[in-house]
Amino acid sequence: MASSKGSITVFLSLTAILIFALLGTLVETARYTVCKNHVLRTLQTAAEGLLTEYSRPLYEQYGLFFIESEGTPYTDVMAKYIGDTTEAAAKGNKDFLAGHLTSLDVIDKTYSGDNKAAALRQEITDYMGREVTKESLDKLLGKSSQLQNIEEQAKRLEETVEKEKEEAKMDRQLLELMRLVDGISVTNGKVSCCRDFVKCFATREKKGQNFSVTEPVVWEKMKPQVDERTRTWKITGKADFLVKISRVKQITEKAIEKGKELQAAYSSAISAQESEENGIQKILAALPCLPANLSILEKTEQLLQKASVEECREDLQLLWQDYDTTSIVFDYTGVQESGGADSPKDALKGSWGKGILNLVCANPKDLSKKSIANPDMFAQYYDCNEESADYDSRIGAFADTDTVGLSGVLGDMGEYALDEFCLDSYIQKKFGSFVNQITEWKQALDYGLEYVVAGKGSDEDNLKSVLNRILLIRTVVNTAALYQDKAKKAEAQAAAVAVVGFTGLQPLITLTKTMILITWAIVESLVDIAGLLQQKEVPVWKKPSQITTDFLQVFQINRNAIVGRASKLKKQGKHSFGYQQYLLLFLASTGQDIRLYRVMDLIQQNMRINAYKDFQLGLCVHDIKVRGTMNFPTQFFRLAVLQKMSGRNLKNYSLTQEVVVGY
């Protein structure tokens, strides 16, 4: 009986131990899960505690949450927060959660400019989301829609000019051939003659008929340049004479090439009859004299390089009997004493060299002279390159070469969404422009909006780029208005006839008329821009009656005239489309990435000049990924009987967690 009772006791003891072990395992397993969650919460709290140490000046001035990646290491700050948590657990009633940190690492950071500045974009969208509404976006799109057909208008105008230039191609080639052969050109309302040209050598008496020139005005300019040494062969300076021969030889070669171009253009001419009326066919028939003249010049060089003038005078006289100065005949009928009239485009060319700022700004000396050393620094760092159109040189190209480039100024706003409108509204709120400067904080650039649009290093360059862009838009608008005005078109036609009418070349007259109308539109556009800078009312689209510049004023391209006319415009109203609205349109057509990186440029520069000289926005962090490991001592696995049964001495277990936190 005693043995039987002992067996039951042992059995019950073993059973109790197993049950206790099972319960202990279940409790420890539950504790493991709780500790694992505790590690996650502790890491989350520590990382969020770190983010509370965001840059206060950056938030207070720009409303952006970022933490600087300098000073005390992130891990040290978070370790302190974790230490506070673990100490509280150890001292309190929750000692079953007491553990200690064994490792802590920040394994990833998202900087302000990463992923096309996505963090900065999100911060700005969140910040402006409280102020920007869909209605305000629709209002902007409604206003901008008034300008959406400008691109189509600009392309049509460019096509018109190219067509007219093609039709006038022969006329221009003929004028160039005239300059090479006769030395005659009519520019700036003046008839002039070059020093060297094909007919500059006389073989007979120096009379106009011996050079096929009957117009007294033309012969008066040409006669002093004619060299009679080839008639008398009384040459004292052979070297000087050979230099002249060489120059005329080169000019003759150019004339031969120009003749070939004229022949090709004539062969493909739309109207051969028109070409005959202009005498082109007769000129083409006489062109073979040019190679013959070139041969005479070459043989003259050879003779004079071997012998003196006296030794080969007879050979030279015989050779030069065939030098032709009469076969090629140009029609100079209509050339007046002073040549053609002055061209408005010549006036534009003369004034444009001063730059647009000196034409439209009331006080150019008062413009901001601020600049930054590294424009587009963040865009270059993140290799975000946007091919920018050269708006600054287009008017100069028009004045110099008749190149009309008015298209591509406005971007497509069809996909312009609320987040982009938030960004552009933020830019207008936080940075100044020419008409709305920020005074609360020091600014690295006073014209911040212009910088975001143009990306140049100085306020003046950015303003100039923006104004040139507006000028192209206004030129399209004003050209359209001028084309609708019959009286003004008639004035332009009369001016074109006065400028090149002496040639009798109708395609050239038509092209000149178009050039005059565009020049007229440019001058009117300068007045518009001066008005916008003075915050005057400038209609988006004009009626012909709203053109403020008359034809005579087209020649008055100076600041006093332009700013003076602009000052007479009425003050812009509350709903006017002013300078600031043009800036917003240009912002919308600038790549969003470029805008964000230029905003970063401005913020960093402004922070630095406001006593935060070491501030680096590029190193500011928006979110982090943290990995931490904590060790926890086992509570129920420490029983000696359990360790003996399991054959393991399990004193601690290690738990690793990862969290991602951000603003």
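Small disclaimer: the values here were computed from a predicted structure and weren't measured. (Residues numbered from 1 in each chain as written. Predicted model: local features only at pLDDT ≥ 70, side-chain atom pairs only at ≥ 80, totals over all residues. Heavy atoms only, no water.)

### Some points on the overall build of the protein chain
Across its full length, the protein chain carries 27 helices and 6 strands. Classification of the 663 residues of the protein chain by burial places 50% in the buried group. Put simply, 79% of the contacts in the protein chain that link residues at least 6 apart link residues at least 24 apart. Split by element, the accessible area of the protein chain, about 31700 Å² in all, is 50% carbon and sulfur. (Helix = DSSP H or I, 4+ residues; strand = E, 2+ residues; numbered from the N terminus. Buried < 20%, exposed > 50% of the residue type's maximum accessible area, 1.4 Å probe, protein only. Contact = heavy atoms within 4.5 Å. Areas by Shrake-Rupley, 256 points an atom, 1.4 Å probe, with all protein chains shown as cover.)

### Topic: helix α23 (residues 506–533)
Taking 1.5 Å per residue as the helical rise, α23 with its 28 residues ought to reach 40 Å, and the 41 Å between its terminal C-alpha atoms agrees with that figure. Burial analysis of α23 places 26 of its 28 residues in the buried class, the great majority of the element. Residue Q535 follows α23 closely and has a positive phi angle near 60°. (Expected span 1.5 Å × (residues − 1).)

### Things to note about the packing of aromatic side chains
Applying the stated criterion across every chain yields a total of 20 aromatic pairs. Ring pairs connect the aromatic residues F201, W233, F241, W320 and Y323, which therefore count as one cluster. If you follow K345 out to its NZ or CZ, it ends over the ring of F398, 5.6 Å from the centre. (Phe/Tyr/Trp six-rings, centres within 6.5 Å; stacked < 30°, edge-to-face > 60°. Lys NZ or Arg CZ within 6 Å of the ring centre and 35° of its normal.)

### What to know about the packing of helix α21 (residues 459–483) against helix α25 (residues 579–588)
At a minimum axis distance of 11 Å, the contact between α21 and α25 shows a crossing angle of 95°. As far as their axial angle goes, α25 and α21 are roughly perpendicular. Judged by residue contacts, L463, V466, L467, R469, I470, I473 and R474 of α21 engage Y579, Y582, L583 and F586 from α25. Tallied by class, the residues present in the contact of α21 with α25 amount to 9 nonpolar, no polar and 2 charged. (Axes fitted to C-alpha atoms, helices over the stretch in contact; angles between N-to-C directions. Parallel < 35°, antiparallel > 145°, perpendicular 65-115°, else oblique. Nonpolar A, V, L, I, M, F, W, Y, C, P; charged D, E, K, R; others polar.)

### Thoughts on the side chain of D196
Tracing the backbone shows D196 in the loop between β4 (190–193) and α8 (216–222). Engagement of the side chain of D196 in a polar contact is seen with the side chain of K244, the distance being 2.7 Å. Side chain to side chain, D196 and R247 meet in a polar contact 2.6 Å long. Not counting the four nearest positions on each side in its chain, D196 is found in contact with K244, R247, V248 and I251. (Polar contact = N/O pair within 3.5 Å; in protein donor to acceptor, adjacent residues only side chain to side chain.)

### Focus on the nonpolar core
Looking at soluble globular proteins, one finds that nonpolar side chains tend to be buried together. Counting 172 residues, the largest nonpolar core has V360, L467 and I603 as its most contacted members. Here the element with the most residues in this core is α23; it accounts for 17 residues. Apart from residues no more than four positions distant in its own chain, V360 is found in contact with L467, L526, I529, A530, L533 and V563. By size, the runner-up hydrophobic cluster in this structure holds 23 residues, among which are C35, V39, L51 and L97. (Core = buried A, V, L, I, M, F, W, Y, C linked by side-chain atoms within 4.5 Å.)

### Let's talk about the environment of L569
With respect to the helices, strands and loops of the structure, L569 is situated in the loop between α24 (559–567) and α25. Along the sequence, L569 and D528 sit 41 residues apart, while their C-alpha atoms lie 9.3 Å from each other. Each residue touching L569, except ones within four places of it in the same chain, is listed here: G531, K536, E537, V538 and T548.

### Some thoughts on a nonpolar patch on the surface
Where nonpolar side chains cluster on the molecular surface, the patch consists of I8, F11 and L12 and spans about 330 Å² of accessible area. Mapped onto the secondary structure, I8 falls in helix α1 (residues 2–51). (Patch = residues over 30% accessible without salt bridge, like charges linked within 9 Å, V, L, I, M, F, W, Y side chains within 5 Å. Salt bridge = Lys/Arg side-chain N within 4 Å of Asp/Glu carboxyl O.)

### Let's talk about α25
Counted residue by residue, α25 has 9 buried out of 10 residues, so it is predominantly covered. Residues Y579, Q580, Y582, L583, L584, L585, F586, L587 and A588 constitute the buried set of α25.

### Observations regarding the pattern of salt bridges
Should their charged atoms come close, side chains of opposite charge can pair. Enumeration according to the criterion identifies 32 salt bridges in this entry. The partner of E261 in a salt bridge is K258, and the shortest N-O contact between them spans 3.1 Å. Here K258 and E261 lie together in helix α10 (residues 238–267), a separation of 3 residues that amounts to about one turn. Classification of E261 by relative accessible area gives partly exposed; the value is 38%.

### Things to note about the packing of helix α6 (residues 150–167) against α21
Across the interface, α6 lies against α21 with an axial gap of 10 Å and an inter-helix angle of 70°. As judged from the angle between their axes, α6 and α21 are roughly perpendicular. Crossing handedness for the pair α6 and α21: left-handed. Counted together, I150, Q153, A154 and L157 of α6 and I473, V476, V477, T479, A480 and Y483 of α21 form the full contact between these two elements. Across the contact of α6 with α21, the residue classes break down as 8 nonpolar, 2 polar and no charged. (Left-handed = near helix turned anticlockwise from the far one by under 90°.)

### What to know about unusual backbone geometry
A positive phi angle, near 55°, is found at W233, a position not held by glycine. Among the structural elements, W233 can be located in the loop between α9 (229–232) and α10. Using a relative accessible area of 1% as the deciding quantity, one classes W233 as buried. Located in the positive-phi region is A611, a residue other than glycine, with phi close to 75°. We classify A611 as exposed; its relative accessible area is 74%.

### Overview of the side chain of D227
Position of D227 relative to the elements: it lies in the loop between α8 and α9. With relative accessibility at 10%, the residue D227 sits in the buried group. A polar contact is formed between the side chain of D227 and the side chain of R229, at a distance of 2.7 Å. D227 has contacts with C200, F201, A202 and K244, leaving out every residue within four places of it along the chain.

### What to know about the environment of I372
Checked against the element boundaries, I372 lands in the loop between α16 (357–360) and α17 (377–381). A residue is classified by how much of its surface remains accessible, and I372, at 10% relative accessible area, is buried. Separated by 85 residues in sequence, I372 and G457 place their C-alpha atoms 5.3 Å apart.

### Re the environment of A521
Relative to the elements of secondary structure, A521 occurs in helix α23. Separated by 28 residues in sequence, A521 and T549 have C-alpha atoms that sit 8.8 Å apart. If we ignore the near neighbours within four places in the chain, the residues touching A521 are T475, N478, T479 and L482.

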